[in-house]
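This is what each chain is made of:
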Amino acid sequence: LRTWYKESQIGILDESADLHRAIAISDAYYGDWSSVVQLYKATKKPVLFENIYVKSKEDTVFLPVTFCVKDNALWLMQLDSNKLIKMNRTTYEVEKVVCIPHEPPFLDRQYNYHIIDAGDSLVLLLGRSEQIYQYEIKTGSLKVHKPQGAVSSYMFSSEIVIAGNRKLLMLPYGSNRIYEYEYDSGVIAERESGLHGIKAAKCCERIGSKLYMVNRGTNALCCYDLTNDSFTEDRIGANESRYWGIKRAKEYFVLPHIEKRAVTLWNQKTGEVTELAAFPDKYICLDSYAYLDMFEKDGCVYLFPFCANMILKVDVEHQAITQAFTEVFFEPDYDVDSENMSS
């Protein structure tokens, strides 16, 4: 390879010990992680890392964790990445992929992504990020906001974000601090709440000034009052129940489970608790990772899959779980016994 490189005369083969000269003369860095990378970043030149596991070119598969519908476009955030994706709402063709330059191309962020419609721009929140981003749709430019104000430290880790009056209210995930961010001024304020150590799960239900949410991985249902920062807690169902999120349909709150195939219905007025366990025959999921999001429509709750093969419809009136949109169905390469999903 060395001989071929020399004979082809396609570049400079630097065999000297002068590292700084190589950094100064070169146009970009490509290769493995090393201490050289940290020096090279100071030059503001492009840095690209080698991935030795890429053996062939394949069609790109996008796994969105949040989306925003705007005009004739779907804006998506790609799981565990720094990618904002624009997709045509009619043809489903990808029209634009925006890489957020200040964020790692791969980072385990769980569900902590949010896209907020701010009129002519999109406010982007990424888990474990110390910045807040604002993407200008018309110009395609990206503004970086480093939160300013009396805040001890900031790293975004909220699954629940409430937007209104040009402000964002970020509920805690594993802490007791609530952040309030004005994305026009970039000022962020923090305050403590009674939500000590709660991991407020992504799917919540807002009724007036009250926000209902589950403490992810427990059977605790928390009601948080936005007007005075007070909250109450109810334990729903068996102590060993672990809920993933919550939505309301008619007189019932719908709570899908994490660790077992079940959905609990809770009537707040009567205290009635019903556990539904009869799923469609061909339903397959990966425990703890079955769902991505859920929505209420016409008195039913629809569960959209993350690692599952169909969209589920929870009919609270008839207390039944059926397959929604029967034309949308996947037959994954999935071994139920070993609980390994390969595609």
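Residues numbered from 1 in each chain as written. Predicted model: local features only at pLDDT ≥ 70, side-chain atom pairs only at ≥ 80, totals over all residues. Heavy atoms only, no water.

1. Some details on the sheet that holds strand S17 (residues 205–207)
In space, the 4 strands of this open sheet follow the order S17-S18-S19-S20, with antiparallel pairing throughout. Each of the sheet's edge strands pairs with one partner strand only, and the pair in question is S17 and strand S20 (231–235). The average undirected angle you get between the axes of adjacent strands in this sheet is 20 degrees. Looking at chain direction, strand S18 (residues 210–214) and strand S19 (residues 220–225) are connected through 5 bridges and run antiparallel. Opposite Tyr-212, over in S19, you have Cys-223 as the bridge partner. (Pairing = 2+ DSSP bridges. Helix = DSSP H or I, 4+ residues; strand = E, 2+ residues; numbered from the N terminus. Axes fitted to C-alpha atoms, helices over the stretch in contact; angles between N-to-C directions.)

2. Here's the deal with the sheet that holds strand S10 (residues 142–145)
The strand order across the open sheet formed by 4 strands is S7-S8-S9-S10, and the pairing between neighbours is antiparallel. Edge positions in the sheet fall to strand S7 (113–117) and S10, since each of these pairs with one other strand and no more. Strand-to-strand twist of the sheet, defined as the mean angle between neighbouring strand axes without regard to direction, takes the value 20 degrees. In terms of strand pairing, strand S9 (residues 132–136) meets S10 through 4 bridges, oriented antiparallel. Paired with Tyr-133 across the two strands is Val-144, which belongs to S10.

3. Quick notes on the side chain of His-114
Counting through the fold element by element, His-114 comes out in strand S7. At a separation of 3.0 Å, a polar atom in the side chain of His-114 contacts the main-chain carbonyl oxygen of Ser-158. There is a polar contact of 3.2 Å between the side chain of His-114 and the backbone oxygen of Glu-159. When residues no more than four places from it in sequence are discounted, the contact partners of His-114 are Thr-66, Val-123, Leu-124, Leu-125, Phe-156, Ser-158, Glu-159, Ile-160 and Val-161. (Polar contact = N/O pair within 3.5 Å; in protein donor to acceptor, adjacent residues only side chain to side chain. Contact = heavy atoms within 4.5 Å.)

4. A short note on the environment of Asp-27
Here Asp-27 lies in the loop between helix H2 (19–25) and strand S1 (29–31). Overall, Asp-27 belongs to the exposed group, its relative accessible area being 67%. Through-space distance from the C-alpha of Asp-27 to that of Ser-241 is 56 Å; in sequence the pair is 214 residues apart. Apart from the residues lying within four places of it in its own chain, the contact partners of Asp-27 are Tyr-40, Lys-45 and Pro-46. (Buried < 20%, exposed > 50% of the residue type's maximum accessible area, 1.4 Å probe, protein only.)

5. Some thoughts on empty space enclosed by the protein
Evaluation of the coordinates by the stated rule reveals 1 cavity of 30 Å³ or more. The volume enclosed by the largest cavity comes to roughly 40 Å³. For the largest cavity, the full set of lining residues is His-257, Ile-258, Lys-260, Arg-261, Cys-285, Leu-286, Asp-287, Ser-288, Ala-290 and Tyr-291. (1 Å grid on protein atoms, 1.4 Å probe; cavity = no way out; pocket = protein on both sides within 12 Å on 5 of 7 lines; lining within 4 Å. Points joined across faces, edges and corners; volume = space filled by probe spheres on them.)

6. Looking at the packing of aromatic side chains
Summed over all chains, the structure comprises 9 aromatic pairs. One aromatic cluster is present, formed by Tyr-212, Phe-253 and Trp-266 through successive ring pairs. (Phe/Tyr/Trp six-rings, centres within 6.5 Å; stacked < 30°, edge-to-face > 60°.)

7. A short note on the layout of surface pockets
Quantified by volume, the second largest pocket comes out at close to 760 Å³. Along the walls of the second largest pocket sit 19 residues, with Val-47, Phe-49, Glu-103, Pro-104 and Pro-105 positioned nearest its centre. Tallied by class, the residues present in the lining of the second largest pocket amount to 10 nonpolar, 3 polar and 6 charged. (Nonpolar A, V, L, I, M, F, W, Y, C, P; charged D, E, K, R; others polar.)

8. A look at the pattern of salt bridges
Using the criterion set out here, one finds 10 salt bridges in the structure. A salt bridge links Lys-202 to Asp-293; the nearest nitrogen and oxygen atoms lie 3.7 Å apart. Of this pair, Lys-202 sits in the loop between strand S16 (198–199) and S17 while Asp-293 sits in strand S25 (residues 291–297), and the two are 91 residues apart along the sequence. Take Asp-293: its relative accessible area is 16%, and that puts it in the buried class. (Salt bridge = Lys/Arg side-chain N within 4 Å of Asp/Glu carboxyl O.)

9. A word on the confidence of the model for the protein
Reading predicted coordinates in detail is not appropriate for stretches of low pLDDT. Per-residue confidence for the protein averages 86 on the pLDDT scale, and 91% of its residues sit at or above 70. This stretch, residues 336–343, has a pLDDT under 50; its non-local contacts, to residues over four places away or in other chains, come to 13 contacts. (pLDDT = per-residue confidence, 0-100.)

10. Some thoughts on the pairing of strand S11 (residues 161–164)
As paired strands, S11 and strand S12 (residues 167–170) are joined by 4 bridges and run antiparallel to one another. Note that in S12 the partner of Ile-162 across the bridge is Leu-169. Here S11 folds back onto S12 in antiparallel fashion, the turn holding 2 residues, of which Asn-165 has a positive phi close to 60 degrees.

11. Observations concerning the environment of Gln-134
Its location among the elements puts Gln-134 in strand S9. Accessibility expressed as a relative area gives 7% for Gln-134, which makes it buried. Sequence spacing of Gln-134 and Lys-70 is 64 residues, and the spatial spacing of their C-alpha atoms is 15 Å. Not counting residues up to four positions away in its chain, the partners in contact with Gln-134 are Ser-121, Leu-122, Val-123, Ser-141, Leu-142, Lys-143, His-145 and Tyr-183. Within the structure, the side chain of Gln-134 is placed 3.0 Å from the side chain of Ser-121, a separation counted as a polar contact. Side chain to side chain, Gln-134 and His-145 meet in a polar contact 3.1 Å long.

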